[in-house]
Amino acid sequence: MVLFRRLLGEVLRSQRIRQGRTLRQVSADARVSLGYISEIERGQKEASSELLASLCSALDVPLSEILSEVSDAVALEEAALAVALEDVALETRLDTSSLQSSSGEPGARSGDVVASAA
């Protein structure tokens, strides 16, 4: 499952680090506690729209840019999840088909003797 708050936190942290800024600096500029920003960056807390606006202002980055980066990250995770689910489905189909013998008996394996009622 894709967690929006985790990806939002990763994008915010990445933006802060790209700017070479500390949590303390962003905290002072955004007027938000350092601990709370840290929890948001780690995906442990949800950011309200007001808090997100304050963080974007402190980072001097448009909200639309942050949300666009988060959207891209969500799309990548969804695509990776879809591929993983397809792989699991394929493995399941392969496992099921390998359990059928040439006689078509479900559950029979290669080399098993299958008795038939004559």
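Given the structure is predicted, the values throughout are model-derived calculations rather than measurements.

Asks: Looking at this structure, I do not really get the environment of Gly 9. What am I missing?
Replies: Looking at the element boundaries, Gly 9 is found in helix 1 (residues 4-18). Placed 31 residues apart in sequence, Gly 9 and Ile 40 show a C-alpha to C-alpha distance of 5.4 Å. Excluding residues that lie within four positions of it along the chain, Gly 9 makes contacts with Ile 40 and Glu 41.

Asks: Quick question: what am I supposed to make of helix 3 (residues 34-41) here?
Replies: Because the α-helix completes a turn every 3.6 residues, residues three or four places apart line up on one side. Regarding helix 3, the residues found buried are Ile 37, Ser 38, Ile 40 and Glu 41. Taken end-on, helix 3 shows its buried residues confined to a sector of 160°, consistent with a single buried face. For helix 3, the elements touching its buried residues are helix 1, helix 2 (23-30) and helix 4 (49-59). One or two positions beyond helix 3, positive phi appears at Gly 43, with a value near 75°.

Asks: What's the story with the side chain of Arg 16 in this structure? I'm lost.
Replies: Its place among the elements puts Arg 16 in helix 1. The class for Arg 16 is buried, based on a relative accessible area of 10%. A polar contact is formed between the side chain of Arg 16 and the side chain of Glu 41, at a distance of 2.7 Å. Residues contacting Arg 16, with those up to four places away along its chain left out, are Arg 21, Thr 22, Leu 23, Val 26, Glu 41 and Leu 59.

Asks: Hey, could you run me through a negative patch on the surface in this one?
Replies: Taken together, the side chains of Glu 86, Asp 87, Glu 91 and Asp 95 present a region of like negative charge at the surface. Position of Glu 91 relative to the elements: it lies in helix 5 (residues 63-98).

Asks: What should I look at first to understand a nonpolar patch on the surface in this one?
Replies: Together, Phe 4, Leu 63 and Leu 67 make up a nonpolar patch on the protein surface, roughly 240 Å² of accessible area in all. Its place among the elements puts Leu 67 in helix 5. You can call Leu 67 partly exposed: its relative accessible area is 36%.

Rules and cut-offs
- Residues numbered from 1 in each chain as written.
- Predicted model: local features only at pLDDT ≥ 70, side-chain atom pairs only at ≥ 80, totals over all residues.
- Heavy atoms only, no water.
- Helix = DSSP H or I, 4+ residues; strand = E, 2+ residues; numbered from the N terminus.
- Contact = heavy atoms within 4.5 Å.
- Buried < 20%, exposed > 50% of the residue type's maximum accessible area, 1.4 Å probe, protein only.
- Arc of directions from axis to C-beta.
- Polar contact = N/O pair within 3.5 Å; in protein donor to acceptor, adjacent residues only side chain to side chain.
- Patch = residues over 30% accessible without salt bridge, like charges linked within 9 Å, V, L, I, M, F, W, Y side chains within 5 Å.
- Areas by Shrake-Rupley, 256 points an atom, 1.4 Å probe, with all protein chains shown as cover.
- Salt bridge = Lys/Arg side-chain N within 4 Å of Asp/Glu carboxyl O.
- Lys, Arg positive; Asp, Glu negative; His and termini not counted.
- Charge placed at Lys NZ, Arg CZ, Asp CG, Glu CD.

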